[in-house]
Structures are given as structure tokens and as C-alpha cells.
Amino acid sequence: MKKRIVGVLILVCIFCLPVGSRPVQEQPQDLILGVNAAIASMSVSQQNAILAQLHAAGVRYIRSGILPDDRSVDFARRAQAQGIGIDWLVELQYRPGAPSRPWPNAFSVWGGPPLSAADPDQFRKYFEPLLAKLDAAGVTLAGFELGNEINSPMFNADFSLPAENPNQSKEFNLWDLSHDPEARQVAKGYLQYLKLLAVIKDVRSRSKLNRHTLIVSAGLVFNEAPDAPRKARLDAVSAAATLDFMRAGGLDTLVDVYGVHTYPWTDNPGNPSAAAGRRDRLQKYVLSVTRPPGSAGGKPCWITEWGIPNHDTSCPPRETDQIALVNETRSNLRPYIAQKRVLGLFYYAWLDPREGFAIYRCGHLTETGRLALAPF
């Protein structure tokens, strides 16, 4: 990633620094292993306590937002001092006066403006000075990940609430993005999203420390049972159609890796038939969109969210099923990692008071977490 001659000099200087001061960015072909840890908005003392936990557990990467203030920039600096790099979950910015979905609402989806109201000028005013502050603080990031699950109504207010036809909600395909009224509105947001990615690429090209930081497309939701009846009264766009539409608009010239989310089914741990179904769905519905670096017609991916829930509240928690499923998932992922189609894995999540995915419980890293973060 570094220029050849200058890179040698930079690397010499890096290894003269104390360990905590060294940039933690790796070559793109190396597997990035990390965990979701949304702690940027916490107090400094809370952040420091969690960073110490992460460091003690050997975690080298986290997926987290970075707020546009000095305290949050210092959070990124303190994380790096602990040897922890950040996949920066970058917030979208919108045109002034854009409509906003109310929160809370009857559908338990996030509020905020629609993606179609995303504004590249407002985004540049937000992103460029914040990256300059991070550069000035000596922070080298692992990735720029713009937005989250934009093919889902949970994070994209361009979708109708309820579904266009609430009696028969739909997962839109590529054809729908040009023909269906609701899907066409979502497609307008995708076109705006590409403009924001172009801003990131342009600003990155002038960064002092982050010129080679990877650009990651928003982690997408993959439906692993597209033929099953939809129970939710909400529409969505398939992840494959989302990528195909945006690739036609230049996505592959703007990002280095695709963002992918997968939450394997948890039925019948240890059952060979259930295990085969999880393996086949991963191949057919999730990782079929990925390609090795340098391939035509696609990109490798970072799986920026994956996990196995555990709702047991005892200390220590019972983890038999989770351990079996994490080991199975790692086995399913191994060939894609070997092929360089998967270059990053971020478990969900370090802390999670609502959905039961936390791997830091009862004051220590769980066995599930140890396995999830173990090198391949």
C-alpha cells in the first residue's frame, strides 16, 4: 500500500515509535479481525475502561462511529494508543431542511432523513475537516464505511411505512429499481450515496495518513430465505440488486471492499442437515457477490457484522450452542478467506444490552468471543 521508496523510510520510522503509537492499518490482503464497539458517544472514563478491556482481550480493530468533536478525535487517538484501529462508520449528511422520519414510530425503525436527501456538499463540510483533525492527531484508520444497511427500511427513510402493499411486502429486485414507484425512490437515494462515496475518495486522496485507508460500502442486509413469505410489513431491496444497481453507477471505482452483514440461522446446532443449510445459504445468498482482489466484476468484502445471539443472563453464560455455531461459521468462512474474497470480519458486538450478542460479559471475554476473534 505504501509507495516503494518512501514506504521503506516510513516503516523504519514507524518501528522507532512506541508500540501504542504505531498505525495499526494492515495490507489489504491481510484478514482484519475485529468487533463492533459503538463507544464514541460514551464518557472518556467509560471509553478508557472499554478500550482497556479490548486491549487486554487482544482486539486490534473495532467498528465504531467518530463524532465531529475534539473528544471523539481524542477517542480515536486513545484507541490507537492501545493498538486498536477503527473501521470508521461514517455518518451520512443531508441537505438543509430535508424531511425527516419521526422517531420513535410504530415500526421500530430508525428516524432521520431519507437517503435521497443525502447531500455531497454538506457531507464534504462534515467529512473533510474531521479527517483533517484525525490526521493531525496522528490517527491512521482501518476503513471508511459510509452508512449502514441502506437496502433496509431500518436505516433508509426512502422506504414506505408501512410497505407499499402492507398485505404483501416485497424484496425489490434490480428491475424494480427502475420501474416500481417505491423502489425508484430508493434508487434515487443510491445515486446520492454514490456522490458521497466520491467525496470520500477525493478527500482521502489528499490525506496525510489515510491516503490508503480502505473505503467500505455500507454493510448490506442479505435475505437468506428470499422465497419464504415475508412476515414484516416493510419492503426492502435485495443486497445483490443494490450492488448491481450501484455498480452500474460506478461503485467499483469508488470502494475497495463491499460491506456485508450475515447472521447465520441458529436452528439445530450440531445437526448435519442444518449445518449444510447454513453453509449453502452463505454461499448462495451472501458471499456470491464477492470477488478476489483485482477480479473483474466485483470486489472482496468485509463482513462488518456477524454474530450468534445468546440470551442466557447467567454468569458465566451457558455457551454450548454459540460455541458450536461460531466454530461452524468460521469453518464455512475459511475457504472465502483463503480465496481473499473475505478480507475483514467484525463480530457483533462487544457490548449489547438489547439483542443478546455481547461477547464481553460478567467482566471478561466469553468463550464465544475468544473463538470469534481467534486468528484463522
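The rules we used
Residues numbered from 1 in each chain as written. Predicted model: local features only at pLDDT ≥ 70, side-chain atom pairs only at ≥ 80, totals over all residues. Heavy atoms only, no water. pLDDT = per-residue confidence, 0-100. Contact = heavy atoms within 4.5 Å. Axes fitted to C-alpha atoms, helices over the stretch in contact; angles between N-to-C directions. Helix = DSSP H or I, 4+ residues; strand = E, 2+ residues; numbered from the N terminus. Parallel < 35°, antiparallel > 145°, perpendicular 65-115°, else oblique. Left-handed = near helix turned anticlockwise from the far one by under 90°. Core = buried A, V, L, I, M, F, W, Y, C linked by side-chain atoms within 4.5 Å. Buried < 20%, exposed > 50% of the residue type's maximum accessible area, 1.4 Å probe, protein only. Phe/Tyr/Trp six-rings, centres within 6.5 Å; stacked < 30°, edge-to-face > 60°. 1 Å grid on protein atoms, 1.4 Å probe; cavity = no way out; pocket = protein on both sides within 12 Å on 5 of 7 lines; lining within 4 Å. Points joined across faces, edges and corners; volume = space filled by probe spheres on them. Nonpolar A, V, L, I, M, F, W, Y, C, P; charged D, E, K, R; others polar. Pairing = 2+ DSSP bridges. Salt bridge = Lys/Arg side-chain N within 4 Å of Asp/Glu carboxyl O.

Participant: What should I look at first to understand the confidence of the model for the chain in this one?
Facilitator: Regions with low pLDDT should not have their predicted coordinates read in detail. For the chain, the mean per-residue pLDDT works out to 92, and 92% of the residues sit at or above 70. Note on residues 1-28: pLDDT under 50 across the span, and 35 contacts to partners over four residues away in sequence or across chains.

Participant: Explanation requested: the packing of helix 4 (residues 120-136) against helix 6 (residues 181-204) in the structure shown.
Facilitator: A packed helix pair is summarised by two numbers, namely the angle formed by the two axes and the spacing between the axes. One way to put it is that helix 4 packs onto helix 6 with a least axis distance of 10 Å and a crossing angle of 30°. By the criterion of interaxial angle, the relationship of helix 4 to helix 6 is roughly parallel. Here the hand of the crossing between helix 4 and helix 6 comes out right-handed. Here Pro120, Phe123, Arg124, Phe127, Glu128 and Leu131 of helix 4 come into contact with helix 6, specifically with Gln192, Lys195, Leu196, Val199, Ile200, Asp202 and Val203.

Participant: Whenever I open this one, the nonpolar core confuses me. Can you help?
Facilitator: Considering soluble globular proteins, one finds that nonpolar side chains tend to be buried as a cluster. Formed by 84 residues in total, the largest nonpolar core has its most connected members in Leu54, Trp88 and Phe127. Considering every element that reaches this core, the biggest residue donor is helix 6, with eleven residues. Not counting residues up to four positions away in its chain, the partners in contact with Trp88 are Ser64, Gly65, Ile66, Tyr126, Phe127, Leu130, Leu134, Leu141, Gly143, Phe144 and Glu145. Residues Tyr61, Val216, Val257 and Trp302 belong to the second largest nonpolar core, which totals nine residues.

Participant: Help me out: how do you make sense of the packing of aromatic side chains in this one?
Facilitator: How two aromatic rings sit relative to each other is set out by the distance from centre to centre and by the angle between their planes. Summed over all chains, the structure comprises 14 aromatic pairs. When the centroid spacing of 5.5 Å and the interplanar angle of 10° are considered together, the rings of Phe123 and Phe127 count as stacked. With Phe123 and Phe127 both in helix 4, this residue pair falls four residues apart, about one helical turn. Residues Phe123 and Phe127 agree in their burial class; the two are buried. Summarising the aromatic geometry, the rings of Trp350 and Tyr360 are spaced 4.9 Å apart at their centres and angled 20° between planes, so their arrangement reads as stacked.

Participant: Got a minute to help me understand empty space enclosed by the protein in this structure?
Facilitator: Taking a probe equal in size to a water molecule and rolling it over the atoms shows the remaining empty space. Inspection of every chain in the model, using the stated rule, returns three cavities of 30 Å³ or more. Of the voids in this model, the largest cavity is the one considered here, and its volume is about 90 Å³. As for the largest cavity, its lining consists of Glu224, Thr262, Pro264, Arg278, Leu282, Trp306, Glu328, Thr329, Asn332 and Leu333. Ranked by residues supplied to the lining of the largest cavity, first place goes to helix 10 (residues 320-338) with four residues. Here the lining of the largest cavity is composed, by residue class, of four nonpolar, three polar and three charged.

Participant: Which parts of the structure should I look at to understand the pairing of strand 9 (residues 258-262)?
Facilitator: On a regular strand, each side chain points to the face opposite its neighbour's, so the side chains alternate between the two faces of the sheet. With five of its five residues buried, strand 9 lies for the most part within the structure. Taking every second residue as pointing to the same face, both faces of strand 9 are buried, with Tyr258, Val260 and Thr262 on one and Gly259 and His261 on the other. The sheet contact formed by strand 7 (residues 220-221) and strand 9 spans two bridges and is parallel. Bridging across to strand 9, Val221 finds its partner in His261. One ladder, built from five bridges, connects strand 9 with strand 10 (residues 301-306); its direction is parallel.

Participant: Just checking my understanding: could you explain the sheet that holds strand 2 (residues 61-64) for this structure?
Facilitator: The strands making up a sheet are joined through hydrogen bonds of the backbone, oriented either antiparallel or parallel. Read from one edge of the open sheet, nine strands run 6-4-3-2-1-11-10-9-7, paired in parallel fashion. Of all the strands in the sheet, the pair left with one neighbour each is strand 6 (214-216) and strand 7. Pairing between strand 3 (residues 85-90) and strand 4 (residues 143-146): four bridges, direction parallel. Looking at the pairing, Leu89 lines up with Glu145 of strand 4. Most of the contacts of helix 4 go to strand 3, to which it runs at about 165°, and overall it touches strand 3 and strand 4.

Participant: Explanation requested: the environment of Asp180 in the structure shown.
Facilitator: Mapped onto the fold, Asp180 is located in the loop between helix 5 (176-179) and helix 6. Each C-alpha atom of the pair Asp180 and Glu164 lies 9.8 Å from the other, and the pair is 16 residues apart in sequence. Every residue in contact with Asp180, bar those within four places of it in the chain, is listed here: Glu164 and Phe172.

Participant: Which parts of the structure should I look at to understand the pattern of salt bridges?
Facilitator: When the charged atoms of two side chains with opposite charge come close together, those side chains can pair. In the structure shown here, the tally under the stated rule is 18 salt bridges. Across the pair Arg279 and Asp280 runs a salt bridge whose closest N-O atoms are separated by 3.6 Å. Look at Arg279 and you get partly exposed, because its relative accessible area is 43%. Residue classification places Asp280 among the partly exposed positions, given a relative accessible area of 42%.

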